Each structure stands twice: as structure tokens, then as C-alpha cells.
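Tertiary structure, described
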Amino acid sequence: MSTPHETRPLPPAPWSGAGHTSDPGTAADDAAHRAASGSRPAVPTGGTGVREWGPWSARTLFFGGTDLVVDAALGTLWLTALVSLVTAGLASLAALVGVVLLVAAIYAVRGIEWVERRRTQAAFGLHLPAPHRRRSPRADGWRIPHQWWLDVSDAAFWTGLLHLLLTTVLGWVAVGALAGTGAAVALALAPLYAAESNPIWPSELVGTWPDWAVVLAGLTLALLGVLLLVLSVAAHRGLSRLLLRVDEAAELRRRAAEAAAARETAVRGARTERSRIERDLHDGVQPQLVSVAMNLSMAQRRIDHDPAGAKDLIGEAHATTKAAITELRRLARGFHPAVLEDRGLDAALSAVAAQSPVPVAVDVRVPRLAPETEAAVYFAVSEGLANVVKHSGADAASVRVGLEPDPAGATRVVARIADDGRGGAVVVPGGGLSGIADRIRSAGGHFFLDSPAGGPTELTVELPVTRGEGS
């Protein structure tokens, strides 16, 4: 068992309003002050915490133009690296090294898209949240290849790649526009320094044109260069809004589908849990209480003519009652043990491991979380260890619980239960693993099982982090 690991709680997000209270009187005074001063109230942004800059504002043109110049160099570098990875991967596909290179290219595109999304947000003040990453629902050995396929077939993957290609082209257009504008300004100023002795701008280049025509031509070309640069910035901003912004309707449909699936799994999990409770009460506590009633009935009939026998029966009933009470306490601890509420996951899971006949190493490195999250993790680990004891034939097992970042940048709690048993575990409807999967998915998490024949077996559950009050 590990020593409890102290983890500092995350600071509140700047847009969450943590630590601030709303005073209606103050809000009214602020509104009156704005009305008296003639200032306009802040434009709401739909709760995103980001105010978008205007498409023709000075900040948009300056930072967008700078970003395009960077895109020309950085985009060319990234595209060259991607083409090299894909070409080398296809050429060495027969040697299986190509699979590694192609997978590296997939995740290189995802990483580049992540960087470009944040650079574009900074350059244009746009709100471009990361799209939802589809996770493989498979729980067998094909889960990782299936996840590769989901990543490469996702629309966000190809729109991110298209954004990189188009912004690189626009970056070179912007570089050309800047170079052309500089040359045009030099042409407009040519009458001031053009001479036969000037090796950079000899007078022959100006020819027989009058000075005013040379100045007018230079200024016209400079204006065209500036216009091309402005249009490139506007095109960059428009393409970023089109290609990198998440489709709100599709996102709402996805969330509705997830909510429906979570509700279905919650109902199924509750039905399974109710069946388990009924089975435990019917097979455990009910026969004991029936035995108590029978012993007391027989003791009542014997108490007048056989006091010693009645005393023995009452003693048996007392012992059976104590056993029933112990069984009820065990069932109650299965719902939400007191040690979990008082001392957290480390102490609760260490207690579960101590009662296991299979040696279990426990490593818990999380702060206090919301009671619902802690209960879900506790249930998953307890049921997972119960399956290890019943079915795996393992000599040792381990439990690791910690915090990890997810692809969207948020934090999740990840619990892994591993054993060195025979493997071959499968999720059967109504079984223990199915109950874990239903409970975790109904809580908005993910369930993974890797159990090849011959072992080892690793069960992984992931849940979004919700901090408890004491964290």
C-alpha cells in the first residue's frame, strides 16, 4: 500500500466566477453608471469567456498577418514532415515499420491541429474549443487499431489537415504580398534615389517615365499588395471559423445521444444492482432470519417442559441474528462504505485489498473527489478484484488510481486493475464486468478490458474529475 499522496487542487478557471459573489445592488449601480456615462454594456459571448475580435479590426489585421507569415514557414515544415512520414510508411509497410510511421503521422496531424487551433485562437480572438474525440467501445485486443481507425476517419482530422494546407498557401501569398508591397514602395520612392551610379536601382529601370507616373505606379502596386494581404488575413480568419469550429448542431446531437446511452446504462445498471441485492438478501440474510424464527418458535414450545433445550435454541437464534447483522453490514458497506466517506479512496481501496485472498498492491494518488466519483471508482475496483478472486486464478494483482489529462485538456481519474491470471475475461450481460461497464458509462466515463488468452488481464476505467468539497 502506498503512502497517501498529496495533490494540490486545481485553481478555479478564470471564467468560472469562483470566489466571487453577485450583489444585485452592485450590478444595478454598475448598470446605472454605464447608462450615465454613455458606455455600452459588454457583448455577451454565450458563456465562452472569449470575446471575438472584429474581422477588420487593427488587432485582427496585425496578429493575423503575423500569423500568416509564421504559417508560411511552419506550415511548410510540418507538411514536409507529414509527407515524409506517409511516404516512408507506405514504402516500408511490408516490414511492419510502416505501420508505426503511419500511426505516427496520424497523431502528428492531431498534434499539429491542436497547436494550430490555439495559434488561431490567439491570432484572431476566436473561440475554437477542441472537438470531441470518439473513443473505441471495443474491449478486446482490437481496441487500439479500432481507435486508430476512429482517429483517422474523424472529420476533425481531415478538416485540420485541410486547414494546415490552405493556411500554408495563404501564408506564402501573404509573404508575396509583403514582398511586393515593399518593392512597390521602393518604386514610388525611386525618383529620389535612382541614378546611373546606383547599382541597386539604376535610372534605366525607371526609363523615360515622368516622376509622377513612377510614384503613382508604385503607390498603386503598394495599395494592391496591402489589399491582397488584408484579403489573405480575412480568408485565413474565415477558413479557421469554417474548418476549426465545432458544428453546434452535431455537438448537441452527440450529447443527446450520449445522455440517452448514459440513461439506458444507468437503468440497466440499477436493474443489475437490484437483482444482486435481491439475490444476496434471498441467499444470505433471509435464510438466517427464517432460522432465527424457527429456533425461537421451537424454544417457545419447549420453555415450559425443557428449559435447557429452549436455552440452546435461543443461543442458536442469537448467534444466527449476529451473523445476519454482519451480513447486512457487509451489504451496506458494498453500497457506500463509511471509510470511503471519511478517509477517501486510498483507505477504502486498501481495506478492500486487505480482505482479498489474492495479494493486491494498491497505489492511489488522487485528492478527495466528489462522492459520486469516489463511489463509482470504489465499486469498479471492488467488483474487479472480486472477479480476480473468482475467475482469474491469479497469484497477484495491482490497483493503480491517478489523475491523467484527456485529449481535450481536461483532467480525468483513471483506475487500473491488473492481474497475472489466465486471462480470457469477457463482458457478459448481467455479469460483474457488465455491471462495472454500465455504472462507469452511466457516470460519463469509459470502460476498457484487455484480457488476452493466457493473461495478463488489465481492466481500466476513466471518469471525469469532479472535486469534492474537502479537496
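Predicted model, so just to flag it, every value in this text is computed and none were measured. (Residues numbered from 1 in each chain as written. Predicted model: local features only at pLDDT ≥ 70, side-chain atom pairs only at ≥ 80, totals over all residues. Heavy atoms only, no water.)

Moving on, we get to the overall build of the chain. Each helix and strand in the chain was counted, giving 14 helices and 5 strands. Burial statistics for the chain: of 471 residues in total, 34% are counted as buried. Long-range pairs, those at least 24 residues apart, make up 68% of the contacts in the chain between residues at least 6 apart in sequence. Split by element, the accessible area of the chain, about 27300 Å² in all, is 64% carbon and sulfur. (Helix = DSSP H or I, 4+ residues; strand = E, 2+ residues; numbered from the N terminus. Buried < 20%, exposed > 50% of the residue type's maximum accessible area, 1.4 Å probe, protein only. Contact = heavy atoms within 4.5 Å. Areas by Shrake-Rupley, 256 points an atom, 1.4 Å probe, with all protein chains shown as cover.)

All right, on to the pattern of salt bridges then. Scanning all chains against the criterion turns up 10 salt bridges. One salt bridge connects glutamate 116 with arginine 119, and the closest N-O pair in it is separated by 2.7 Å. Of this pair, glutamate 116 and arginine 119 are both found in helix H3 (residues 97-124), 3 residues apart, which corresponds to roughly one turn of the helix. Of the residues examined, arginine 119 reaches a relative accessible area of 17% and is grouped as buried. In this structure, the salt-bridge partner of aspartate 363 is arginine 365, at a minimum N-O distance of 3.1 Å. Judged by its relative accessible area of 24%, aspartate 363 falls in the partly exposed class. (Salt bridge = Lys/Arg side-chain N within 4 Å of Asp/Glu carboxyl O.)

Moving on, we come to helix H2 (residues 58-91). The end-to-end C-alpha distance of H2 is 48 Å, a good match for the 50 Å that 34 residues give at a rise of 1.5 Å each. Three or more residues of H2 are buried, namely Thr60, Gly64, Gly65, Asp67, Leu68, Asp71, Ala72, Gly75, Trp78, Leu79, Leu82 and Gly89. (Expected span 1.5 Å × (residues − 1).)

The subject of this paragraph is the UniProt feature "transmembrane region" (unreviewed entry) in the chain. Taking the UniProt record as the reference, the feature "transmembrane region" (unreviewed entry) is found at residues 77-109, 169-192 and 212-235. Secondary structure across residues 77-109 divides into 85% helix and 0% strand, with the first and last C-alpha atoms of the span separated by 13 Å. Structurally, residues 212-235 comprises 100% helix and 0% strand, and the distance from its first C-alpha atom to its last is 34 Å. (UniProt positions renumbered as here; feature names shortened; annotations may be inferred.)

Two aromatic rings are characterised by how far apart their centres lie and by the angle between their planes. Scanning all chains against the criterion turns up 2 aromatic pairs. The interplanar angle of 80° and the centroid separation of 5.2 Å between the aromatic rings of phenylalanine 62 and phenylalanine 63 together place this pair among those described as edge-to-face. Relative to tryptophan 158, the ring of phenylalanine 157 lies with its centre 5.1 Å away and its plane at 80°, an arrangement referred to as edge-to-face. On the accessibility criterion, tryptophan 158 (47% relative accessible area) is partly exposed. (Phe/Tyr/Trp six-rings, centres within 6.5 Å; stacked < 30°, edge-to-face > 60°.)

One finds Leu345, Leu349, Val401 and Ile436 to be the most contacted residues of the largest nonpolar core, which totals 37 residues. For this core, the secondary structure elements donating two or more residues are helix H12 (345-354), strand E1 (360-365), helix H13 (371-392), strand E2 (397-405), strand E3 (411-419), helix H14 (432-442), strand E4 (446-450) and strand E5 (457-464). Residue contributions to this core peak at 8 residues, all from H13. If near-sequence neighbours (up to four positions away) are discounted, leucine 349 is found in contact with Val362, Val364, Tyr378, Val381, Val399 and Val401. With 11 residues, the next largest nonpolar core counts Ala123, Phe124, Leu128 and Leu244 among its residues. (Core = buried A, V, L, I, M, F, W, Y, C linked by side-chain atoms within 4.5 Å.)

Here we take up the sheet that holds E1. Sheet architecture is open: 5 strands sit in the order E1-E2-E3-E5-E4, paired in mixed fashion. Across the chains shown, the open sheet's two edge strands, defined by having one partner strand only, are E1 and E4. Across the sheet, the axes of successive neighbouring strands diverge by a mean angle of 15°, strand direction being ignored. Pairing analysis gives 5 bridges linking E4 to E5, with the strands arranged antiparallel. In the strand pairing of E5, phenylalanine 448 is matched with threonine 460. (Pairing = 2+ DSSP bridges. Axes fitted to C-alpha atoms, helices over the stretch in contact; angles between N-to-C directions.)

In this section: unusual backbone geometry. Within the chain, leucine 96 stands out as a residue other than glycine whose phi angle is a positive 70°. With respect to the secondary-structure elements, leucine 96 resides in the loop between H2 and H3. We classify leucine 96 as exposed; its relative accessible area is 62%.

Burial analysis of E3 places 7 of its 9 residues in the buried class, the great majority of the element. Here 9 bridges tie E2 to E3, and the two strands are oriented antiparallel to one another. Directly across from valine 401, in E3, lies its bridge partner alanine 415. Sheet topology places E3 next to E5; 8 bridges connect them, and they run antiparallel. The residue of E5 that forms the bridge with arginine 416 is threonine 460.

Positionally, aspartate 71 belongs in helix H2. Look at aspartate 71 and you get buried, because its relative accessible area is 2%. Each C-alpha atom, one on aspartate 71 and one on arginine 119, is 10.0 Å from the other, the two residues being 48 residues apart in sequence. In this structure, aspartate 71 is in contact with Thr76, Glu116, Arg119, Thr167, Thr168 and His236, ignoring residues within four places of it in sequence. Of the polar contacts made by the side chain of aspartate 71, one reaches the side chain of histidine 236; its length is 3.2 Å. (Polar contact = N/O pair within 3.5 Å; in protein donor to acceptor, adjacent residues only side chain to side chain.)

So, about H3. The first and last C-alpha atoms of H3 sit 40 Å apart over 28 residues, in line with the 40 Å expected at 1.5 Å per residue. Glycine 125, located one to two residues past H3, shows a positive phi value of around 65°.

Pairing analysis gives 6 bridges linking E1 to E2, with the strands arranged parallel. Each bridged residue has a counterpart across the sheet, and for arginine 365 the counterpart in E2 is glycine 402. Regarding the hand of the β-α-β motif, the stretch spanning E1, H13 and E2 is left-handed. (Right-handed = clockwise from strand over helix to strand, strands pointing away.)

In this section: the confidence of the model for the chain. Here the chain averages 75 in pLDDT, while 72% of its residues score no lower than 70. Between residues 1-50, whose pLDDT stays under 50, and residues either more than four places distant or in other chains, the model counts 30 contacts. (pLDDT = per-residue confidence, 0-100.)

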